[in-house]
Amino acid sequence: MKNIITLICALVLIVSCTEQDYYEIPTDANGDVLFTGISSTTSTGISTLDNSFTVTATFATAKVGDMMTVELLKLQIPPSGGTTNQLLPLTGTQKQVTVGADMKATVTYTRTEAQMSKVGDYVTVVFAGKTDYAKKRVDMVPATTVSKPKVTGKEIDVARTAETAFFNVTVAPKSGVYTGTLVAKRKNGLKAPWVDVTGTPFSGAQPFLVPISGSDFAASKDTMYYSFSAALGSYTDEVASTVIVRDPYFFLKKAATLTLGGSSAGRNMLINAAVAETDLTANIAISGSLILKGGSAWLAAGNKIEFVPSTLAMYESNNSTNIIAAFNAGVSATTADPIVGAGVYIYKIVNGPAPTDVYYGIMKMTNVLPGTSVSFEYRIGDMYAHLSVIK
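Sequence positions are assigned chain by chain, starting from 1 and proceeding in written order. Where totals are concerned, whole chains, interfaces and linings use all residues; where local detail is concerned, this predicted model gives features only for residues with pLDDT of at least 70, and gives and counts side-chain atom pairs only at 80 or more. Processing note: side-chain calculations cover all non-hydrogen atoms of the structure and skip hydrogens and water entirely.

A.B. asks: Please clarify how the overall build of the chain should be interpreted in this entry.
C.D. replies: Labels follow the DSSP assignment, with helices taken as runs of H or I lasting at least four residues and strands as runs of E lasting at least two, numbered in each case from the N terminus. The secondary structure content of the chain amounts to four helices and 26 strands. Note on method: radius of gyration uses C-alpha positions; expected globular size equals 2.2 Å times residues raised to 0.38. The C-alpha radius of gyration computed for the chain amounts to 35 Å, which surpasses the reference 21 Å derived for 391 residues by more than 25%, pointing to a less compact arrangement than a globule. The C-alpha extent of the chain, read off along each of the three principal axes, is 115 × 60 × 40 Å. Put simply, the chain has 391 residues, and 40% of those count as buried. We call two residues contacting when some pair of their heavy atoms lies within 4.5 Å. Sequence-distant contacts in the chain: of pairs separated by 6 or more residues, those separated by 24 or more amount to 58%. As presented, the chain carries roughly 20,300 Å² of accessible surface, and 57% of it is formed by carbon and sulfur atoms. Across the chain, 31 positive and 30 negative side-chain charges occur, with their mean positions spaced 6 Å apart. Here's how the labels work: a residue is buried when its accessible area is under 20% of the maximum for its type, exposed when over 50%, partly exposed in between, all with a 1.4 Å probe on protein chains only. Values of accessible area rely on a 1.4 Å probe in the Shrake-Rupley scheme; residue burial ignores everything except the protein chains shown. Charge counting treats Lys and Arg as positive and Asp and Glu as negative, with His and both chain ends excluded. Lysine's charge is taken at NZ, arginine's at CZ, aspartate's at CG and glutamate's at CD.

Here it is as structure tokens:
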């Protein structure tokens, strides 16, 4: 028994003295175990206008000069058959790369090698070596992005008016700055012919501003189809968008409370800010009673606000064309009693000499505290030009 124990100890001593780089535990200068990090990867990525992509791995436990085998994995039916895709090595994609002094290794694949052709295609790039491993998923993304129609940076629903909003279109291949052009087409209905959007082809600074107006829509058609196309070399990226026009409407809905006396007896309805009744921007206010009117200093500057009684149904409809027509057909007054009738009023604010200084809207009372305050909800902004002023 003693001889067996001696033999085992000798074997342990021999094994412990044998060099095995693969299983060697890294230590620092003091011989303490060195806990290493995890390998990481970065990629240039690939878009629908790019021919290739590059992946760089930064290794944690590899050594300078180590050879790494790189391979692409892709969803595919196994060679043995079946109906379910599996993430398997892609034939012919093995490459050899060397770990550099910076502990990095880089590989490049073309879209042909990776069998990528459309948005959503992806591969997993795998680095495998003697002492380390890393992987990176690379997805093909669209080079072209299209915003909803915007006015002064704000997204809007296009109204059936002659005013113009703009798609903000950006073309950004991963390979570098895009210097080509953008072709934009539209058709008012599925069976309608494609026509160039005014300004096509677009070039220069991005985003490309592609116009859209409610007057582009036929009276009987409310849907417009758009196509945006960019090209780089032999590749073309095309993005589609659909817009449904709506009847003219007030763009914004806000809420306010006027309190008798002090700093919140008035309201600047354009920016929904509480102000004193005497403030130069108080286009609605109360003073002495809860009767709504224009602020005293604001009225003295030549501005005015008028009210026409309305209905809750008119408020809920939010059809600015009908609401403005009802104002013009009604009998206006320079004051409004918040507890009379339905508590709903169409208003017209004249805030300056320009046509865009005229603001129509509609309000409904939400709470009246006798002798103290009146609260209301209001809609405002019936012109795209108002969106640069109204906050």
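A.B. asks: What am I meant to see in the side chain of Asn318 here?
C.D. replies: Relative to the helices and strands, Asn318 resides in the loop between helix 3 (312-317) and helix 4 (320-329). Each polar contact in these results corresponds to two N or O atoms within 3.5 Å; when the atoms are within protein, one needs to be able to donate a hydrogen and the other to accept it, and residues that are neighboring in sequence are counted only if both atoms are side-chain atoms. Reaching out from Asn318, the side chain makes a polar contact with the backbone nitrogen of Phe250 at a distance of 3.2 Å. Residues contacting Asn318, with those up to four places away along its chain left out, are Arg246, Pro248, Tyr249, Phe250, Ile323 and Arg379.

A.B. asks: What is the right way to look at the pattern of salt bridges in this model?
C.D. replies: Opposite charge on two side chains allows them to pair when their charged atoms are near. Just to be clear on terms, a salt bridge is a Lys or Arg side-chain nitrogen sitting within 4 Å of an Asp or Glu carboxyl oxygen. The final tally for this structure, using the stated rule, is 10 salt bridges. For Asp157, the salt bridge goes to Arg246, with nearest N and O atoms at 3.5 Å. Of this pair, Asp157 sits in the loop between strand 12 (154-155) and strand 13 (164-171) while Arg246 sits in the loop between strand 18 (235-244) and strand 19 (252-259), placing them 89 residues apart in sequence. Residue classification places Arg246 among the partly exposed positions, given a relative accessible area of 32%. Here Lys364 ties to Glu316 by a salt bridge, and the two come within 3.5 Å at their closest N and O atoms. Here Glu316 lies in helix 3 and Lys364 lies in strand 25 (residues 358-369), a separation of 48 residues in the sequence.

A.B. asks: Can you walk me through the nonpolar core in this structure?
C.D. replies: Generally speaking, nonpolar side chains in soluble globular proteins are found buried as a group. Counting 30 residues, the largest nonpolar core has Phe167, Leu182, Val210, Ile212, Tyr226, Phe228 and Tyr384 as its most contacted members. If near-sequence neighbours (up to four positions away) are discounted, Val210 is found in contact with Ala165, Phe166, Phe167, Val169, Leu182, Ala184, Val197, Phe202 and Phe228. By nonpolar core is meant a set of buried Ala, Val, Leu, Ile, Met, Phe, Trp, Tyr and Cys residues that side-chain atoms within 4.5 Å join together.

A.B. asks: Help me out: how do you make sense of helix 4 in this one?
C.D. replies: Along an α-helix, a turn takes 3.6 residues, which lines up residues three or four apart on a common side. Among the residues making up helix 4, those that are buried are Ser320, Ile323, Ile324 and Phe327. Projected onto a plane normal to the axis of helix 4, the buried residues spread over an arc of 95 degrees and lie on a single side. Each element contacted by the buried residues of helix 4 is listed here: strand 23 (304-309), helix 3, strand 24 (344-350) and strand 25. A side-chain oxygen of the first residue of helix 4 lies 3.1 Å from the backbone nitrogen of Thr321; this N-cap is Asn319. The arc in question is the one spanned by the directions pointing from the helix axis to the C-beta atoms.

A.B. asks: What is the right way to read the packing of aromatic side chains from this model?
C.D. replies: A ring pair, where both rings are aromatic, is described by two values, the distance of the centres and the angle of the planes. The pairing test for Phe, Tyr and Trp rings, Trp by its six-membered ring, is centres within 6.5 Å, and the orientation test on the planes gives stacked under 30 degrees, edge-to-face over 60, and tilted for anything in between. Overall, the coordinates contain 10 aromatic pairs when judged by the stated rule. Centroid distance Phe327 to Tyr360: 5.7 Å. Interplanar angle 80 degrees. Geometry classified as edge-to-face. One end of the pair, Phe327, is in helix 4; the other, Tyr360, is in strand 25, and 33 residues separate them in sequence. Here Phe327 and Tyr360 have matching classes, each one buried. Following the ring pairs from residue to residue traces out a cluster consisting of Phe167, Tyr226 and Phe228. To sit over a ring, a charge needs its Lys NZ or Arg CZ within 6 Å of the ring centre and within 35 degrees of the ring normal. Residue placement shows Lys95 over the ring face of Tyr109; its charged tip is 4.3 Å from the ring centre. One residue, Arg246, lies across the ring of Tyr249, its end atom 3.8 Å from the ring centre.

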